[in-house]
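# Structural overview
Here is what each chain is made of, one letter per residue.
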Amino acid sequence: MSAHGGGKAILAAFLANMGIAAAKLIGWLLSGSASMLAEAVHSIADSSNQVLLFLGGKRAQRQADASHPFGYGRERYVYAFVVGIILFSVGGLFSVYEAIDKFRHPHEISSTWWWLPIVILVVAIVLESLSLRTAIKEANGVRDQKQTWWQFIRRSRSPELPILLLEDSAALLGLVFALAGVTATVATGDPLYDAAGTLAIGVLLVVVAAVIGIEMKSLLVGEGATKVQLTDIIHAIESGDDAPKVIHIKTLYVGPEELMVAAKIGLPVEKPLGAVARDINEIEQRIRSHVPQARIIYLEPDVYRDTTGEKPTTAAFVFPSSD
């Protein structure tokens with residue numbers, strides 16, 4: 001998996017969630033807390049999600065073939081979309097169902113083991129904080145410092161780190177909800193607080209899963225270069241000695257770190273074919289130096305002709321890029 005795939009963050013999140021899930025299950029079995037059960041299922045779902053993200057990263061590294069000439073990079077988006085479905089169904093809907101059941105049939109927390117869920121949740125908060133810190137550290141290595149975190153999640157073409165940031169943030173907030181619900185139930189003896197904490201966890205997971213699903217759907221359909229990248233590509237094309245102009249341009253991410261650029265460029269009508277070929281090679285080098293993700297480049301030389309009958313010239317007409 002590439003550096004942008006967040007390999008360390010995935011491993012850290014997986015190890016943390018597996019240990020936390022086991023502790024939460026024990027806490028639920030001994031105390032009967034609904035919030036503990038919801039959090040245990042949440043951690044199990046997160047652990048399976050990290051396995052899927054890792055598997056998607058590995059499968060995306062397969063070499064291009066006749067059936068998939070642009071490679072398998074988008075497979076990372078497929079697995080990331082499945083992550084959203086699992087988080088929505090296994091995590092969110094289960095927690096909501098469990099909360100509704102506990103509202104209808106309240107279940108008191110064991111008077112003997114009342115302290116155990118609180119201890120487990122406090123330890124889990126510490127572990128999840130460490131996992132989130134790892135994800136933030138890796139994301140800072142690729143995030144434009146001018147971007148907000150929300151902009152990074154929305155605009156990143158690599159799915160793993162945004163998903164891990166969302167998952168870890170949701171896990172940490174969910175633990176706070178669970179701790180509040182369990183503590184209130186222990187303090188008051190009213191199990192409805194525990195059910196309320198479970199409901200809050202479920203709603204939180206459904207919202208996070210919806211965000212992941214929407215973002216991954218957009219990437220699966222196909223997103224182009226960011227506005228900054230598109231500006232850099234156009235500048236790279238038009239900064240040559242002969243100042244070739246972009247007539248029109250389209251871009252598409254065929255994988256998280258692989259951008260395809262297709263452009264029609266205006267060149268002088270009298271330029272020899274050999275010189276045109278050299279210009280195109282130089283333009284490709286400039287594009288790659290400005291935007292390293294631009295690995296597939298198709299340039300079509302042309303001459304812009306106006307409708308006034310004057311000498312052919314060049315002009316730039318740019319298709320807007322999706323952010």
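Residues numbered from 1 in each chain as written. Predicted model: local features only at pLDDT ≥ 70, side-chain atom pairs only at ≥ 80, totals over all residues. Heavy atoms only, no water.

The name recorded for the protein in an unreviewed UniProt entry is Cation diffusion facilitator family transporter, from Candidatus Microbacterium stercoravium. Here is the UniProt Subcellular location (unreviewed entry) comment for the protein, exactly as written: "Membrane". (UniProt positions renumbered as here; feature names shortened; annotations may be inferred.)

## Points about the overall build of the protein
What the protein contains, in helices and strands, is 9 helices and 3 strands. Here the C-alpha radius of gyration of the protein, 26 Å, is well above what a compact globule of 323 residues would show, namely 20 Å. Each principal axis of the C-alpha atoms in the protein carries an extent, and together these give about 90 × 35 × 35 Å. Out of the 323 residues in the protein, the part that is buried amounts to 46%. Long-range pairs, those at least 24 residues apart, make up 75% of the contacts in the protein with a sequence separation of at least 6. Surface exposure of the protein reaches about 15500 Å², of which carbon and sulfur atoms provide 64%. Each charge class in the protein can be summarised by its mean position, and for the 28 positive and 32 negative side chains these summaries are 3 Å apart. (Helix = DSSP H or I, 4+ residues; strand = E, 2+ residues; numbered from the N terminus. Rg over C-alpha atoms; globule rule 2.2 N^0.38 Å. Buried < 20%, exposed > 50% of the residue type's maximum accessible area, 1.4 Å probe, protein only. Contact = heavy atoms within 4.5 Å. Areas by Shrake-Rupley, 256 points an atom, 1.4 Å probe, with all protein chains shown as cover. Lys, Arg positive; Asp, Glu negative; His and termini not counted. Charge placed at Lys NZ, Arg CZ, Asp CG, Glu CD.)

## Side note on the UniProt feature "transmembrane region" (unreviewed entry) in the protein
As recorded in UniProt, the feature "transmembrane region" (unreviewed entry) lies at residues 9-30, 77-100, 112-130, 163-186 and 192-214. Split by type, residues 163-186 is 100% helix and 0% strand. Its first and last C-alpha atoms lie 34 Å apart. With 100% helix and 0% strand, residues 192-214 has end C-alpha atoms that lie 33 Å from one another.

## Section: the pairing of strand β3 (residues 294-302)
When strand β2 (residues 258-266) meets β3, the two strands line up parallel, connected through 8 bridges. Bridged to Ala262 within β3 is Tyr298. Assessed by its sense of winding, the connection that carries the chain from β2 through helix α9 (residues 273-290) to β3 is right-handed. (Pairing = 2+ DSSP bridges. Right-handed = clockwise from strand over helix to strand, strands pointing away.)

## What about the layout of surface pockets?
Put simply, the largest pocket is a space of about 610 Å³. Of all the secondary structure elements, the ones that give two or more residues to the lining of the largest pocket are α5 (149-155) and α8 (227-238). Per element, the largest residue contribution to the lining of the largest pocket is 4 residues, and it comes from α8. Of the residues in the lining of the largest pocket, the class split is 8 nonpolar, 8 polar and 9 charged. (1 Å grid on protein atoms, 1.4 Å probe; cavity = no way out; pocket = protein on both sides within 12 Å on 5 of 7 lines; lining within 4 Å. Points joined across faces, edges and corners; volume = space filled by probe spheres on them. Nonpolar A, V, L, I, M, F, W, Y, C, P; charged D, E, K, R; others polar.)

## Notes on the nonpolar core
Of all hydrophobic cores here, the largest spans 66 residues; its most connected members are Ile233, Ile237, Ile249, Leu259 and Ile287. Tallying contributions element by element places helix α6 (residues 160-188) first for this core, with 10 residues. (Core = buried A, V, L, I, M, F, W, Y, C linked by side-chain atoms within 4.5 Å.)

## Topic: the packing of aromatic side chains
This model, assessed by the stated rule, comprises 1 aromatic pair. Stacked on the ring of Trp149, the Lys or Arg Arg143 has its end atom at 4.0 Å from the ring centre. (Phe/Tyr/Trp six-rings, centres within 6.5 Å; stacked < 30°, edge-to-face > 60°. Lys NZ or Arg CZ within 6 Å of the ring centre and 35° of its normal.)

## Description of a nonpolar patch on the surface
Nonpolar side chains collect at one region of the surface, where Ile26, Leu29, Leu30, Trp113, Trp114, Trp115, Val119, Val123, Val126, Leu127, Leu130 and Val186 lie side by side and expose about 1000 Å² of accessible area between them. If you list the elements that add at least two residues to the nonpolar patch, you get α1 (7-31) and α4 (115-140). Within the secondary structure, Leu30 sits in helix α1. Looking at Leu30, the relative accessible area reads 34%, which means it is partly exposed. (Patch = residues over 30% accessible without salt bridge, like charges linked within 9 Å, V, L, I, M, F, W, Y side chains within 5 Å. Salt bridge = Lys/Arg side-chain N within 4 Å of Asp/Glu carboxyl O.)

## Observations regarding the environment of Ile237
Structurally, the position occupied by Ile237 is in helix α8. We classify Ile237 as buried; its relative accessible area is 0%. Along the sequence, Ile237 and Ile280 sit 43 residues apart, while their C-alpha atoms lie 9.1 Å from each other. Contact partners of Ile237, with chain neighbours within four places excluded, come to Pro244, Val246, Ile249, Ala263, Ile265, Ile283, Arg286 and Ile287.

## A look at the packing of helix α2 (residues 34-59) against helix α7 (residues 192-221)
Direction vectors running N to C along α2 and α7 enclose 25 degrees, while the axes themselves pass 7 Å from each other. Taken together, the axis directions place α2 and α7 in an arrangement best described as roughly parallel. Residue-level inspection shows Ala34, Ser35, Ala38, Glu39 and His42 of α2 in contact with α7, the latter providing Asp194, Gly197, Thr198, Ile201 and Leu205. In terms of residue class, the contact of α2 with α7 is made up of 4 nonpolar, 4 polar and 2 charged. (Axes fitted to C-alpha atoms, helices over the stretch in contact; angles between N-to-C directions. Parallel < 35°, antiparallel > 145°, perpendicular 65-115°, else oblique.)

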